[in-house]
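Remarks on the overall topology
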Amino acid sequence: MSVFRDVQQAAPVAVFKLTQDFNNDPFPNKVNLGVGAYRTDEGKPWVLPVVKKVEKLIVHDDRLNHEYLPILGLPEFRSSASKIALGDDSPAIREDRVGAVQCLGGTGALKMGAEFLRRFYNGNNNTKTPIYVSAPTWENHNGVFNNAGFEDVRPYKYWDAEKRGLDLAGFLSDLESCPERSIFVLHACAHNPTGTDPTQEQWKKIAEVMMRRKLFPFFDSAYQGFASGNLEKDAWAVRYFVSKGFEMFCAQSFSKNFGLYNERVGNLTIVARDSDNLKRVLSQMEKIVRITWSNPPSQGARVVSLTLTSPDLFSEWKDNVKTMADRVLLMRAQLRAKLEVLGTPGTWNHITDQIGMFSFTGLNPKQVEYMIKEKHVYLMASGRINMCGLTSKNINYVAESIHEAVTKVAAGYC
Amino acid sequence: MSVFGEVPQAPPVAVFKLTADFREDSHPQKVNLGVGAYRTDDCQPWVLPVVKKVERLIVEDGSLNHEYLPILGLPEFRAAASKVALGDDSAAIQEGRVGAVQCLGGTGALRIGADFLRRWYNGSNNTATPVYVSAPTWENHNGVFGDAGFKDIRPYHYWDAAKRGLDLTGLLDDLEKAPEHSIFVLHACAHNPTGTDPTQEEWKTIAEIMKRRKLFAFFDSAYQGFASGDLDKDAWAIRFFVSEGFELFIAQSFSKNFGLYNERVGNLTVVAKDGDNLTRTLSQMEKIVRTTWSNPPSQGARIVSRTLTSPELFAEWKGNVKTMADRVLLMRSQLRSKLEALGTPGTWDHITQQIGMFSFTGLNPKQVEYLITEKHVYLMASGRINMCGLTTKNIDYIAQSIHEAVTKVQ
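A short tour of the structure in this document, coming up. (Residues numbered from 1 in each chain as written. Chains lettered and ligands numbered in written order. Predicted model: local features only at pLDDT ≥ 70, side-chain atom pairs only at ≥ 80, totals over all residues. Heavy atoms only, no water.)

1. Quick look at the sheet that holds strand S9 (residues 248-253) of chain B
Residue and element names in this part refer to chain B. The sheet built from seven strands is open, its strands ordered S2-S10-S9-S8-S7-S3-S4 with mixed pairing. Lying at the two open borders of the sheet, with one neighbouring strand each, are strand S2 (98-104) and strand S4 (153-157). Across the sheet, the mean angle separating the axes of adjacent strands is 25 degrees when strand polarity is ignored. Bridge count between strand S7 (residues 183-187) and strand S8 (residues 216-221): five bridges; the pairing is parallel. Following the sheet pairing, Val185 is matched in S8 by Phe218. Of the strands in this sheet, S7 and S8 touch helix H8 (residues 200-212), which is tilted by about 165 degrees from S7. (Pairing = 2+ DSSP bridges. Helix = DSSP H or I, 4+ residues; strand = E, 2+ residues; numbered from the N terminus. Axes fitted to C-alpha atoms, helices over the stretch in contact; angles between N-to-C directions. Contact = heavy atoms within 4.5 Å.)

2. Considerations on the pattern of salt bridges
Tallied over the entire structure, the rule returns 50 salt bridges over all chains. As a salt-bridge pair, Glu176 of chain B and Arg212 of chain B come within 3.0 Å of each other at their nearest N and O atoms. Here Glu176 of chain B, found in helix H7 (residues 168-177), pairs with Arg212 of chain B, found in helix H8; they are 36 residues apart in sequence, far enough to count as distant. With a relative accessible area of 42%, Arg212 of chain B lands in the partly exposed category. Because the salt bridges share partners, they merge into one network encompassing Lys111, Glu115, Arg118 and Arg119 of chain A together with Arg111, Asp115 and Asp147 of chain B. (Salt bridge = Lys/Arg side-chain N within 4 Å of Asp/Glu carboxyl O. Buried < 20%, exposed > 50% of the residue type's maximum accessible area, 1.4 Å probe, protein only.)

3. Notes on the interface of chain A and chain B
Each partner contributes to the interface: chain A provides 79 residues, whereas chain B provides 76 residues. Taking both partners together, chain A and chain B bury about 6900 Å²; carbon and sulfur atoms supply 55% of that area. If you sort the residues of chain A by the area they bury against chain B, Phe4, His66 and Arg290 of chain A come out on top, with a joint share of 12%. Taken together, chain A and chain B are joined by five salt bridges. Run the count over chain A and chain B and you get 53 residue pairs in polar contact (both at pLDDT 80 or more). (Buried area = accessible area lost by both parts, 1.4 Å probe. Polar contact = N/O pair within 3.5 Å; in protein donor to acceptor, adjacent residues only side chain to side chain.)

See below:
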């Protein structure tokens, strides 16, 4: 008799199951619009040229060794990563009230931030403090905050399915009616999965209510640079909140903008009122890190840090990022144009209005099912597509498939 | 007013504070016998030659990219790592009942294992299941299991300070008295911090009681190969337990035996009764990993995996490991003979009887304080020293310092 006999089979993570089904599909024209990773126009993963260059520099640098990093991570990485988010000229950084924890990707940064907040924010026991995540949001937000011990994870209104845009009135209403001191997980840019971000004016309104009602901003920033092609533009919301005097967390991921998905490069940037509060916060972060992964992995942090701190490499990196962002923008423009030419019912400007890797097509579950089963075009049940999965070779097929799905399948596909 | 206004300052982790103090010390003969990392005879960190070689192979390999690894990690790494622990000819592996989760070093493997057990072992809510850790043990064991949700972490008798050896009677007694289904964290070899391992006969007795009383074995294996210089010898206890039919966890670290400390290379090996139970267990491990770090880092796992799966590189690695283990053995034997030559009061054979990176010197807190403040020899308050901190250049100074501490300070 096994001690594991009562262990239940867990359901697979949806997005990985989708890729698995795609991999098992023998259909020659199959397309994977699921997982959020960049693809070239040949449909291949892309190791950024600047990354390849820096990896070679690292391997040939005999001054480097493999001694443990400090618990909070590689210092040069932490500071250059925070600078990227907040800006070179950030007053908060100059005022010595910005710190960081090197973490395992964006997930690890969210996890560390969540674990800290559950222990220390708003009194010592925050299991009951509400955490608000957008409706919809990245599927792992719920899991991370739940597992960190928060019992009350709630949606805030975000996506208006009818008008295919931001439900600002609903969002603001949730901000006004939630308990004071609630924690809000905000997408810094390129909202996942809708690709729909508040405008600058809308962010100002959001910030005003959050300040007045003492709500805590926890930014999730996984696409800086990748969204518009411009680092500063994509960081506008984060910097605006800092300039308004918020104390806040920002979970940064370098998976997408450096293409370093599997080296797990993340940074939890912390903005506090002053350096004394910051110091105490970081000391507690160390305790949490120590009992989770002890200290973080070096390779990815070295690559990012060397790149960000060398003017030439930094410049080269920004170009590589723009290459990716531009290809996505091109695919957006082309997909929209093709659907409009095909006369596919509905409006398709949301495809170019939305930003970043993902588009919320507006396809309903039955239409999605049709796409997968009949056309072998794989996308999430929510109708989310990864624009990076589109190429000049498959875009016609994808546009036609969407056209078919929309025209053949209303609500009653069988 | 800050939202962080009530956050208290946390005390630093002792072993890192020790190193920080050491760094600030300007004494020319200062020695750091604190943190557990290998040092050469020039007191430098050592990147294993085989690691340097494989890193070059990886960077030149145009077929590799940086796409996400599976949640459970690099498959070749997981399989090769489990094989190193259980043996190439492991029946359990052949029977399809061994699985693994690539984790962030030994710490990450302990953490994922602990998170799983708290959710799924012995009924669905194990916060009350006792977790036993040796007295003394690695200081982070308590923290990891505590944060995973276990409320009842208890010591089991281990170190006999009077005889400077294993308190077998006390250990066996705790095994007999522990509530059934308790979890025991066992050090696979090179016990940290005492360097004192059970003999094979003692392990057999431990296993017999654990089986009879339905206790769960969670091995912490951070020094395989590093302890005796021989991979199979250092894995004897683990393999014995597996051969006795135990279901168990092994938290493996490749930090020390590959010198890959900062790439966080670990593996949680899971041995279950059969493939079906294993599958369900791994599916739940995926859920836990997903909300902790999503999927693990690639670099270190690639290095280890390439090395373990290539006969030449594997042989070269074993050579590198033996180099480290042999230097430690040399320092042990030299320290002991110098103390005996000095006539330092007490017996010093424990220094060569103990195994692995650490030695529990038997020095008391006052003697430790003397060593640090008067002699600038830094060691843990428990009297634990890292043998790797000894070199042919500083060993006389250290032996002399210990002699002074023992003769001057009671």
